Structure formats: C-alpha cells, structure tokens
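# Structural overview for review
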Amino acid sequence: MDIESVKCECCGLKEDCTQDYISDVKANFEGKWLCGLCAEAVRDEVSKGGKKKNYGVEEALKAHMSFCRKFKSNPAVRVSDGMKQMLRRRSGDSSSSKKQV
Ligand SMILES: [Zn+2]
C-alpha cells in the first residue's frame, strides 16, 4: 500500500496515511484533508448545524478553519486542547442550540 505524507488543512498537523485513506477523507471534506481531530470537529459542526438550511460540510469547514486559525495565533493554547474543550462544551450544553427553528 502506498503511504503518503499529508498535512491537515485546518491545524497543519502532518500525518502519514495510505492513499486510500487520504482520498477517502478528501471526498468527505470538499477535497481537503483533515486530521482525525479536525474531521471529528467538522462532523460535529455539521450535525449541530444540520437543522439549518444550506449548512453543509463547506460551512462547517469554514467555521472550523477559522476556529483553528484563532488558536494557532495564540501559542499559549494548544489547538487540540481547545478542540477537546469545544467538543465537550457543545455536547453537554443544550443552551447553545438556541438557533433551532
Ligand atoms: Zn487538524
């Protein structure tokens, strides 16, 4: 199997993955490769925004990428820690789902 080095489009994490896996992830995320953590965050974002019209992977990707950038510009906070916090906060906090219509 061919192993390739890919870089996460969000947080910049590099991973060695099989080409099958890489194209699989890219197919799911608008041609972008995301690391496991970012992929999970984007999927979470999509499921939370799923009730809104026109909210798909593309919007979730954009939201997550700006989230990652914010953390990257602040070296005191590790992106992975911030994301874990975000996921934890979101799954436990029902008041954040006010946007439901
Ligand atoms: Zn990432």
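Look up: the structure comes first, before these words.
## Examining the pairing of strand β1 (residues 3-7)
The sheet contact formed by β1 and strand β2 (residues 14-18) spans five bridges and is antiparallel. Bridge pairing links Glu4 to Cys17 in β2. Hairpin geometry of β1 and β2 is characterised by an intervening segment of six residues between the two adjacent antiparallel strands and by a positive phi of about 85° at Gly12.

## Let's talk about the packing of aromatic side chains
Each aromatic ring pair is specified by the distance between its two centres and by the angle formed by the two planes. The tally for this structure, following the rule as stated, stands at one aromatic pair. Measuring from ring centre to ring centre gives 6.5 Å for Tyr21 and Trp33, while their planes differ by 75°; the resulting arrangement is edge-to-face. With a gap of twelve residues between them, Tyr21 in helix α1 (residues 19-28) and Trp33 in the loop between α1 and α2 (36-49) connect regions that are remote in the sequence. Judged by relative accessible area, Tyr21 falls into the partly exposed class, the value being 38%. Taking the relative accessible area as the measure of exposure, Trp33 reaches 2% and is therefore buried.

## Considering the coordination of the zinc ion
Surrounding the zinc ion are the protein donor atoms Cys8 (SG), Cys11 (SG), Cys35 (SG) and Cys38 (SG), at 2.3 Å. One way to put it: the four donor atoms around the zinc ion meet at angles of 104 to 115°, and that makes the site tetrahedral. Each donor residue of the zinc ion lies on the same chain, and together they follow the pattern C-x2-C-x23-C-x2-C. Residue Cys8 is located in the loop between β1 and β2, and its partner Cys38 is located in helix α2; the two are separated by 30 residues in the primary sequence. The class of Cys8 is buried, set by a relative accessible area of 4%. On the basis of relative accessible area, Cys38 is assigned to the buried category, the value being 0%.

How each quantity is defined
Residues numbered from 1 in each chain as written. Predicted model: local features only at pLDDT ≥ 70, side-chain atom pairs only at ≥ 80, totals over all residues. Heavy atoms only, no water. Pairing = 2+ DSSP bridges. Helix = DSSP H or I, 4+ residues; strand = E, 2+ residues; numbered from the N terminus. Phe/Tyr/Trp six-rings, centres within 6.5 Å; stacked < 30°, edge-to-face > 60°. Buried < 20%, exposed > 50% of the residue type's maximum accessible area, 1.4 Å probe, protein only. Donors = N, O, S within 2.8 Å, 3.2 Å for Na, K, Ca; no water. Tetrahedral: all angles 85-135°; square planar, octahedral: opposite > 155°, others 65-115°.

Read these as layout, nothing more, since geometry by itself doesn't imply function.
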